[in-house]
Amino acid sequence: MRRSTLATAIGVPAVALATAVGFAAVAHAAAPQLTAAFAQTSVWSSGYGAQYTIRNAGDAASTAWRVEFDLPAGSIVSSSWSSVRTTNGQHYTFVNASYNGDIAPGATESFGFNVSGLGTPLNCTIDGHACAGGTTTPSPSRTSSSPSSSPSPSPSSPSPTPSTPPVTSGPTIDVSTSAQLQSALAAVRPGQTIRVAAGTYHGSFVATTAGTASQPITLTGPAGAVLVNDGPSGEAPSCPAPTAGWDSGYGLWLYNAPYWNLTGFTVAESKKGIVADNSQHLTVDGVYIHDVEEEGLHFRRSSADGIVRNSRIERTGLVQPGYGEGVYIGSAGSNWGCHGNTGGVDRSDRVQVIGNRLGPNIAAEAIDVKEGTTGGLISGNTFNGQGVSGENSADSWVDVKGMDYRIENNTGTFSSPGTFANGYETHNPSTTPSFDNGCGNVWRNNRSDLGGVGQYAVNVTSQSKCSARPNVVYASNTVTNATKGLTNIPVTP
């Protein structure tokens with residue numbers, strides 16, 4: 001009755017008004033609008049690594065995406081990640097993985113791949129529409145259809161002649177000695193690639209040059225290129241920083257060095273594996289870290305927006321088992337005096353740990369998420385808890401003290417020897433400034449085998465401390481061989 005009266009009062013027939021309103025609703029219906037931008041992340045003589053960044057410029061979240069392109073004859077996709085890939089001749093189709101199809105308005109997701117050959121994508125479409133920057137070159141013939149697997153390591157690059165000095169003016173710097181690698185790390189500029197030949201490199205390897213979003217710096221090499229730091233030595237400063245006369249003992253140290261890509265090589269037999277300090281947008285892809293005295297990979301001092309994927313970490317904590325984490329995100333609040341550079345807090349936020357093999361013989365947690373960090377993703381990893389030490393409360397695959405992490409599609413197992421309490425745990429340490437530490441985290445689609453030893457797949461330490469920002473465990477998680485069950489909190493359907 002009220003609508004009819006309003007229409008009559010302003011002299012517009014009710015039917016016409018309803019029709020106009022209907023058209024307006026259609027014209028302004030919220031919808032996702034996806035584009036896909038291609039970028040090479042590393043290049044070697046016989047191929048390259050690349051990724052597509054998918055952006056939602058619409059006003060509604062997407063639920064899925066599908067990217068297709070062709071490659072010229074002589075080039076093939078050899079591996080891929082963060083997507084499901086199928087092949088039809090020279091035509092490739094990538095659809096979203098379970099965790100990255102929902103893209104909020106203004107947000108992005110990405111997937112990556114390695115190419116054997118130097119041909120770049122043609123005729124790119126996303127959901128049937130042209131990708132940003134896509135070409136319209138006629139497609140190569142499509143002759144076969146077969147699903148493709150996605151092995152993780154980057155292709156090995158050929159070894160340069162050992163006596164060849166490093167070339168620092170071109171896009172690629174080839175190195176084959178420790179001295180050349182140290183020189184290249186000091187001289188590299190945005191957009192360049194340091195390509196390391198197979199061999200063992202002993203020394204202190206520190207990167208302090210920043211790349212940029214459009215011109216990242218790449219350090220790449222085959223798995224047979226092994227970085228070893230025989231330190232530490234000298235007198236350490238009060239807080240870790242590259243200092244004359246002091247060797248940190250880190251296998252590779254990025255300090256104030258954002259936008260680096262690390263692909264393919266190995267770090268071993270060092271005090272720590274790879275440490276990133278104030279080095280945002282670091283990508284670690286297909287790297288092998290093993291036999292280190294303390295943690296394997298540490299995102300520290302607000303090294304936000306990093307990614308580690310398709311990598312393998314094992315045999316950590318050989319000297320200090322309680323500090324032998326596989327992937328360490330952030331810093332304990334007690335260390336913010338050294339490692340907090342954003343309001344006194346280590347904000348190593350939005351770190352993604354995707355598709356890695358972590359363990360066995362990681363002496364502390366496979367992943368330790370520290371207080372004050374937020375918004376990360378832990379997805380598609382395989383955790384082998386054998387060898388966890390139990391020292392310094394290290395008795396789970398993942399310990400989450402941060403906030404709003406998505407933990408999904410992981411597979412975890414435990415078998416003796418080792419000290420194992422739960423698959424995943426939360427804790428709520430107090431900090432200054434205060435945060436909802438250990439709250440707002442979500443578990444879904446994780447598969448846990450606790451080996452007849454662990455109590456819960458997900459043990460939430462406190463519900464009351466997270467009443468305003470609860471942790472959520474979905475019924476899609478499964479557990480076997482648990483002494484108590486799936487979780488100690490109510491399950492969400």
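Shown above is the structure to which this text applies.
Report follows, based on the coordinates. Only a predicted model underlies this, so the values are computations on that prediction, with no experimental measurement involved. (Residues numbered from 1 in each chain as written. Predicted model: local features only at pLDDT ≥ 70, side-chain atom pairs only at ≥ 80, totals over all residues. Heavy atoms only, no water.)

**Some details on the overall build of the protein**
This is how it is decided: Secondary structure elements are taken from DSSP: a helix is a run of H or I of four residues or more, a strand is a run of E of two residues or more, and numbering for both begins at the N terminus. In this scheme, a residue with accessible area under 20% of its type's maximum is buried, one over 50% is exposed, and one in between is partly exposed, where area comes from a 1.4 Å probe on protein chains only. The contact criterion used is simple: two residues touch if any of their non-hydrogen atoms lie within 4.5 Å. All accessible areas in this document rest on Shrake-Rupley with a 1.4 Å probe, and a residue is counted as covered only by the protein chains that are shown.
Counting its regular elements, the protein contains four helices and 41 strands. The buried share among the 493 residues of the protein stands at 52%. Taking as baseline every contact in the protein between residues at least 6 positions apart, the subset at least 24 positions apart corresponds to 69%. Accessible surface for the protein amounts to roughly 19,800 Å². Of this, 53% is attributable to carbon and sulfur atoms.

**Details of the pattern of salt bridges**
We count it as follows: For this document, the term salt bridge refers to a Lys or Arg side-chain nitrogen within 4 Å of an Asp or Glu carboxyl oxygen.
Counting across every chain of the model gives 19 salt bridges. Its salt-bridge partner being Lys-271, residue Glu-294 comes within 2.8 Å of it at the nearest N-O pair. Residue Glu-294 is located in the loop between strand S22 (288-290) and strand S23 (297-300), and its partner Lys-271 is located in the loop between strand S19 (266-268) and strand S20 (272-277); the two are separated by 23 residues in the primary sequence. In this structure, a network of salt bridges that share partners links the residues Lys-271, Lys-272, Glu-294 and Glu-295.

**Looking at the state of the cysteines**
Throughout this description, disulfide means a covalent bond between two cysteine sulfur atoms. How we decide: Pairs of cysteine sulfur atoms within 2.5 Å are what we label disulfides.
Under the defined criterion, the tally for this structure stands at three disulfides. Across a sulfur-sulfur distance of 1.9 Å, Cys-239 and Cys-338 are joined as a disulfide pair. Every disulfide takes its handedness from the sign of the S-S torsion; for Cys-239 and Cys-338 that torsion is -75 degrees, giving left-handed. With Cys-239 in the loop between strand S16 (225-228) and strand S17 (250-255) and Cys-338 in helix H4 (residues 336-339), the pair connects residues that are 99 residues apart, well separated along the chain. The class for Cys-239 is partly exposed, based on a relative accessible area of 26%. Judged by relative accessible area, which is 26%, Cys-338 ranks as partly exposed. Note that Cys-439 is cross-linked by a disulfide to Cys-466, the S-S spacing being 2.0 Å. What sets the handedness of the Cys-439 and Cys-466 disulfide is the S-S torsion sign, and at about -75 degrees it is left-handed. With Cys-439 in the loop between strand S35 (424-426) and strand S36 (442-444) and Cys-466 in the loop between strand S38 (456-459) and strand S39 (472-473), this residue pair connects regions lying 27 residues apart in the sequence. Like Cys-466, Cys-439 is buried. Look at the protein and number its bonded cysteines as they come in the sequence; the links are 1-2, 3-4, 5-6.

**Some remarks on the side chain of Asp-349**
Spelled out, the test is: For this analysis, a polar contact is any N or O atom pair within 3.5 Å, provided that within protein one partner can donate a hydrogen and the other can accept it, and provided that sequence-adjacent residues contribute only side-chain to side-chain pairs.
Note on placement: Asp-349 falls in the loop between H4 and strand S27 (352-354). Only 3.0 Å separates the side chain of Asp-349 from the backbone nitrogen of Thr-374, close enough to count as a polar contact. When near neighbours in sequence (up to four residues on either side) are disregarded, Asp-349 contacts Ala-304, Asp-305, Gly-372, Thr-373 and Thr-374.

**What about the pairing of strand S12 (residues 193-196)?**
Side-chain direction in a regular strand flips from residue to residue, so the side chains alternate between the two faces of the sheet. Put simply, the rule reads: Only strands that DSSP links by at least two bridges are regarded as paired with each other. The definition of a right-handed crossover adopted here requires that, viewed with the strands pointing away, the path from the first strand over the helix to the second runs clockwise.
Going residue by residue along S12, you find Thr-193 and Arg-195 tucked away on one face and Ile-194 and Val-196 tucked away on the opposite face as well. Across four bridges, the pairing between strand S11 (residues 172-175) and S12 is parallel. Bridge pairing in S12 links Val-175 to Val-196. Once the chain exits S11 it traverses helix H3 (residues 178-187) before rejoining the sheet at S12, and the crossover so formed is right-handed.

**What to know about the pairing of strand S6 (residues 91-96)**
Extensive coverage of S6 is indicated by the burial of five of its six residues. Relative to S6, strand S3 (residues 66-70) runs antiparallel, the two sharing five bridges. Bridge pairing in S6 places Arg-66 opposite Val-95. One ladder, built from six bridges, connects strand S5 (residues 83-88) with S6; its direction is antiparallel. If you follow Ser-83 over to S6, its bridge partner there is Asn-96.

**Observations concerning the environment of Ser-204**
Inspection of the secondary structure puts Ser-204 in the loop between strand S13 (199-202) and strand S14 (206-207). Residue classification places Ser-204 among the partly exposed residues on the basis of a relative accessible area of 27%. A sequence separation of 27 residues divides Ser-204 from Gly-231, and the C-alpha atoms of the two residues are 7.7 Å apart. Those residues within four positions of Ser-204 in sequence are excluded, and the remaining contacts are Gln-182, Asn-229 and Asp-247.

**Notes on the sheet that holds strand S25 (residues 312-314)**
Strand order in this open sheet of 10 strands is S13-S16-S19-S22-S25-S28-S31-S34-S37-S40, and the pairing throughout is parallel. Edge strands, defined here as strands with exactly one partner in the open sheet, are S13 and strand S40 (478-480). Relative to S19, S16 runs parallel, the two sharing three bridges. From the neighbouring strand, Val-228 faces S19, where its bridge partner is Ala-268.

**Describing the nonpolar core**
Stated precisely, the cut-off is as follows: Among the buried residues, those of types Ala, Val, Leu, Ile, Met, Phe, Trp, Tyr and Cys that are joined through side-chain atoms within 4.5 Å form a nonpolar core.
Leu-181, Ile-194, Trp-260, Leu-262 and Ile-367 are the most contacted members of the largest nonpolar core, which has 62 residues in total. With residues up to four places along the chain from it excluded, the contact list for Leu-181 reads Val-175, Ile-194, Val-196, Tyr-201, Phe-205, Leu-219 and Leu-227. Counting residues in hydrophobic clusters, the runner-up holds 20 residues, among them Leu-34, Tyr-48, Ile-54 and Phe-113.

**Considerations on the environment of Cys-131**
Checked against the element boundaries, Cys-131 lands in the loop between strand S9 (129-130) and strand S10 (146-147). Once the C-alpha coordinates of Cys-131 and Phe-38 are considered, the two residues, 93 residues apart in sequence, prove to be 8.8 Å apart.

**A closer look at the sheet that holds S20**
With parallel pairing, the 10 strands of this open sheet are ordered in space as S14-S17-S20-S23-S26-S29-S32-S35-S38-S41. Edge positions in the sheet fall to S14 and strand S41 (485-487), since each has one partner strand and no second. Here S23 runs beside strand S26 (residues 327-329); their pairing, made up of three bridges, is parallel. Bridged to Phe-299 within S26 is Ile-329.

**Thoughts on the side chain of Asn-261**
Within the fold, Asn-261 resides in strand S18 (residues 260-263). When near neighbours in sequence (up to four residues on either side) are disregarded, Asn-261 contacts Thr-41, Pro-216, Ile-217, Thr-218, Leu-219 and Thr-283.

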